[in-house]
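Working through the structure, step by step
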Amino acid sequence: MSEFVFLYRGGSRDGSPAEMQQVMQKWMNWLKGLGEKGHIKDQGQPLERTGKLVKGKQKTVTDGPFAEAKDIVGGYTLIQARDLDQAVELSKGCPILERDGAVEVRPVMKMSM
Amino acid sequence: MELSEHLFRHEAGHMVATLTRLFGTHNLALAEDVVQDAFCRAFEVWKVRGVPENPSAWLMATAKNRAIDALRRERTARTFEPELSRLIQSEWTLAPGVEELFAANAIKDDLLRMMFSCCHPRLGEEAQIALMLNILCGFGVDEVAGAFVRTHSAIEKRISRAKRVLASSKKLFDVSAGAEFCSRLPAVQRALYLLFNEGYHGASPESAVRVDLCREAMRLTAILLEHPFGVTPATYALAALMHLDAARLSTRTDSSGNLSSLFDQDRSLWDSKLIAEGQRLLDLSATGPDLTEYHLEAAIAWVHATAGRIEDTNWGQIVALYDTLMTIRPSPVVALNRAIAIGQHEGPERGLQEILGIANHSRLAKYPFYFAALGEFESRSGKYEQAQEQFERALGLARNPMERSFLRKRIQTCEGVAASAPGRAIASK
């Protein structure tokens, strides 16, 4: 088993209350399904869309956002999967994909050589 | 923890109402932004950590904190009520002040305040209902458009115009002032009645949408009944009417989604709990000197709901109730229903005579069930050709696939004259 990080990028935040509830329910079902199959190492956390960017030798501090709205990382989950292919397959169930968002699947670098 | 089906929708109504009381009706858009933000946070946090113990309280607390942020950000850019303006001038008073305005006792009547605000006398009835659905029931523009079978842009225009009217009153309606309350109460009752009817008789082909509209009307009427000025005989009668009709809601379409008339419905499936509650409410409505249209319509619904079989229906009593209704609130649709009841009571020839004698029947020229009722009585008098013509006119006016397939079946029956199918009527009630 290897570890992967799912970074959730973008995703529309609009919608009527009923739609929002529906999408949230889909997320909860998806994560629950992954958990039941032993794929979740760490549920991870949602991230605020604001913050600071500290940059360069000058240590310039600027306000977020850090990217275009469609690229902002909104949260992450630590996943366990056989290989990258399986991790990618697992990510395809993510409801963010139906809402103009993306999942970035990144292997965690292994410590052993 | 499982979420209740309409949690977000209902909490949206509550939060927008409370925030609008704080910000003033001219800042409704800000209130809506804050609520959207609260939902985004719930969305992000709950999907990972699960639903909190008390989701409603979680949302309201989040809305409060977002409101404090918004006030801090907007205090110089916008104008607020003098009382709130004073509170937000200093950090000493801002958070504690808002905290107080969100206390359980303070937010108790907010839905009712918003309900009365939506029934502004400068708004037409359709606009009032659209506004209630949008603000109080948390329906998005597309969902309101779906309920009324109108285009997105038509409903968007109607709602934004209505919101401008709402903004002009600056403050939410004051439900503690008896005289104003009583003078606006009939408009509120009427809007709730129409909202229910949109669900019960409306054009939307989706029965789920229609059940939602009926439930929303019942939920808002229950809120009205909780207020000391709102709990009048007419409100009881309105609630009774809704319960008695809603008891039959699930049988209005059969298992394959086809419209089923009162004559074909499986009465064993009528909801006996709703009928009992409707009867209790009807008893409570029977006080005081006022006999309203809601009393009469509830009584008519009660006669139907308590008839074990269609043959047991006391049509004479129903005709008498319609006679009185015609003196209180005459309309071509009421006249049509009265004529149908007469036809049931005294035979199809009399029914036809009454339908053709309706004053202003030109106002029914686009109502499919006017022609359907004519067709029904024609076919019962054995005049199948004429009946078929009427059903075809009705078909041309039908508003959704359910109505169309219902009418096509009637046409087929007429075509197969040989088949001596027993006459059946479309009942509007």
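Residues numbered from 1 in each chain as written. Chains lettered and ligands numbered in written order. Predicted model: local features only at pLDDT ≥ 70, side-chain atom pairs only at ≥ 80, totals over all residues.

Counting secondary structure elements, chain B contains 21 helices and 0 strands. Computed over C-alpha atoms, the radius of gyration of chain B comes to 24 Å, within 12% of the 22 Å expected from 2.2 N^0.38 for 429 residues, which places it in the range of a compact globule. Seen along its three principal axes, the alpha-carbon backbone of chain B occupies a region of about 85 × 50 × 40 Å. When burial is assessed residue by residue, chain B has 43% of its 429 residues classed as buried. (Helix = DSSP H or I, 4+ residues; strand = E, 2+ residues; numbered from the N terminus. Rg over C-alpha atoms; globule rule 2.2 N^0.38 Å. Buried ≥ 20, exposed ≤ 12 C-beta atoms within 10 Å, placed from the backbone.)

Bringing the sheet that holds strand 6 (residues 101–107) of chain A into the picture now. All names here are of chain A. Spatial ordering of the open sheet is given by 2-5-1-6, a layout of 4 strands whose pairing is antiparallel. Two strands close off the open sheet at either side, each with one partner strand: strand 2 (40–42) and strand 6. Sheet twist, expressed as the mean angle between neighbouring strand axes with direction ignored, is 35°. (Pairing = 2+ DSSP bridges. Axes fitted to C-alpha atoms, helices over the stretch in contact; angles between N-to-C directions.)

It is worth spelling out the nonpolar core at this point. Ranked by internal contacts, the top residues of the largest apolar core, which has 119 residues, are Leu19, Val35, Met115, Met132 and Ala298 of chain B. When residues of this core are assigned to their parent elements, the largest contribution, 10 residues, is made by helix 2 (residues 28–49) of chain B. Setting aside anything within four residues of it in sequence, one finds methionine 132 of chain B in contact with Met115, Cys118, Cys137, Ala191 and Leu195 of chain B. With 11 residues, the next largest nonpolar core counts Leu34, Ile79, Ala81 and Ala87 of chain A among its residues. (Core = buried A, V, L, I, M, F, W, Y, C linked by C-beta atoms within 7 Å. Contact = placed C-beta atoms within 7 Å.)

Let us look at the domain arrangement of chain B. Each assigned domain of chain B is listed with its residue range as follows: domain 1 (1–108), domain 2 (109–215), domain 3 (232–310) and domain 4 (314–429). Each of domain 1 of chain B and domain 3 of chain B has a C-alpha centre, and these two points are 38 Å apart. (Domains from an automatic or database assignment.)

To continue, consider the packing of helix 16 (residues 315–328) of chain B against helix 17 (residues 332–346) of chain B. When two helices pack together, their arrangement is given by the angle between their axes and by how far apart the axes lie. Residues and elements named next belong to chain B. Relative orientation of the contacting elements helix 16 and helix 17 amounts to 155°, with a least axis distance of 9 Å. Classified by the interaxial angle, the pair formed by helix 16 and helix 17 is roughly antiparallel. Relative to helix 17, helix 16 is oriented so that their crossing is left-handed. Facing helix 16, whose interface residues are Trp315, Gly316, Ile318, Val319, Tyr322, Asp323, Leu325 and Met326, helix 17 presents Val334, Ala335, Asn337, Arg338, Ala341, Ile342, Gln344 and His345. (Parallel < 35°, antiparallel > 145°, perpendicular 65-115°, else oblique. Left-handed = near helix turned anticlockwise from the far one by under 90°.)

Turning our attention to the interface of chain B and chain A. Interface size, as often reported, equals the accessible area lost upon joining of the parts. Taken together, the contacts link 17 residues of chain B with 18 residues of chain A. Residue contributions to the side of chain B that touches chain A peak at 8 residues, all from helix 2 of chain B. For the side of chain B that touches chain A, the residue count by class is 11 nonpolar, 2 polar and 4 charged. (Nonpolar A, V, L, I, M, F, W, Y, C, P; charged D, E, K, R; others polar.)

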